[in-house]
Amino acid sequence: QVQLVESGGGLVQAGGSLRLSCAASGLTFSAYGMGWFRQAPGKERAFVAAIRGSGGITYYADSVKGRFTISRDNAKNTVYLQMNSLKPEDTAVYSCAAAPPRYPASGSYYTQKDSYTFWGQGTQVTVSS
């Protein structure tokens, strides 16, 4: 049974930082692309960042580029999202997700939520102004 468990969310002031973690179990972690998505109240779930299984290639939404960094530790079956310079508009529930291996896979494969077959429950991030 695949499980993705996020942690690290919370309340932070604008300009602050948070580091989210997502621990995975029940899958060959290094084979899966991992992504972070977020959903704000009244809005659709949106892509934030993704990283290929090898960890060598990453993708970011324009709104977070230069502020957020996705990384993974395949030895620990964990993916991270370092969020710096947080803004009130970053407030949302952040979820991690796993996309099965696909060869070849274009960048768009990792940015589309329909590519992801396993999802975590999410963690709330609230940025106050």
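Look above for the structure.
Residues numbered from 1 in each chain as written. Predicted model: local features only at pLDDT ≥ 70, side-chain atom pairs only at ≥ 80, totals over all residues. Heavy atoms only, no water.

**Q** Could you give an account of the overall build of the protein chain, with specific residues and numbers?
**A** Tallying secondary structure elements over the protein chain gives 1 helix and 11 strands in all. In sequence order, the protein chain lays out its α and β elements as β-β-β-β-β-β-β-β-β-α-β-β. Relative to the compact-globule value of 14 Å for 129 residues, the protein chain shows a C-alpha radius of gyration of 14 Å, a close match. Expressed as lengths along the three principal axes of its C-alpha atoms, the size of the protein chain is roughly 45 × 25 × 25 Å. Intrachain contacts of the protein chain at a sequence separation of at least 6 include 60% that bridge at least 24 residues. As displayed, the protein chain offers around 6500 Å² of accessible surface, 47% of which is attributable to carbon and sulfur atoms. (Helix = DSSP H or I, 4+ residues; strand = E, 2+ residues; numbered from the N terminus. Rg over C-alpha atoms; globule rule 2.2 N^0.38 Å. Contact = heavy atoms within 4.5 Å. Areas by Shrake-Rupley, 256 points an atom, 1.4 Å probe, with all protein chains shown as cover.)

**Q** Pulling in residues and values, what's your account of unusual backbone geometry?
**A** Put simply, Tyr103 and Pro104 share a cis peptide bond, and its omega is -10 degrees. For Pro104, the location among the structural elements is in the loop between strand S9 (92–99) and helix H1 (107–111). For Ser85, which is not a glycine, the phi torsion comes out positive at approximately 50 degrees. Relative to the assigned elements, Ser85 resides in the loop between strand S8 (78–83) and S9.

**Q** A description of the environment of Gln112 should follow, citing residues and the corresponding values.
**A** With respect to the helices and strands, Gln112 occurs in the loop between H1 and strand S10 (118–119). For the pair Gln112 and Phe37, spaced 75 residues apart in sequence, the C-alpha separation works out to 9.8 Å.

**Q** Account for the side chain of Arg38, with residues named and values stated.
**A** Residue position: Arg38 is located in strand S4 (residues 33–39). At 3.5 Å, the side chain of Arg38 forms a polar contact with the side chain of Ser63. For Arg38, the residues in contact, after removing those within four places along its chain, are Glu44, Arg45, Ala46, Val48, Ser63, Val64, Phe68, Glu89, Asp90, Ala92, Val93 and Tyr94. (Polar contact = N/O pair within 3.5 Å; in protein donor to acceptor, adjacent residues only side chain to side chain.)

**Q** Any chance you could break down the state of the cysteines for me, citing the residues and the numbers?
**A** Counting across every chain of the model gives 1 disulfide. With its sulfur 2.0 Å from that of its partner, Cys22 forms a disulfide with Cys96. Sign of the S-S torsion, about 50 degrees for the bond between Cys22 and Cys96, identifies this disulfide as right-handed. Of the two residues, Cys22 is situated in strand S3 (residues 18–25) and Cys96 in strand S9; the sequence distance between them amounts to 74 residues. Given a relative accessible area of 0%, Cys96 falls into the buried group. (Disulfide = S-S within 2.5 Å. Buried < 20%, exposed > 50% of the residue type's maximum accessible area, 1.4 Å probe, protein only.)

**Q** Help me get a handle on the sheet that holds strand S1 (residues 3–7), residues and values and all.
**A** Strand order in this open sheet of 4 strands is S1-S3-S8-S7, and the pairing throughout is antiparallel. Sheet topology places S1 and strand S7 (68–73) at the edges, where each strand pairs with a single neighbour. For this sheet the average axis-to-axis angle between neighbouring strands, irrespective of direction, equals 15 degrees. Here S7 pairs with S8 via 6 bridges, running antiparallel. Bridging from a neighbouring strand, Phe68 pairs with Met83 of S8. (Pairing = 2+ DSSP bridges. Axes fitted to C-alpha atoms, helices over the stretch in contact; angles between N-to-C directions.)

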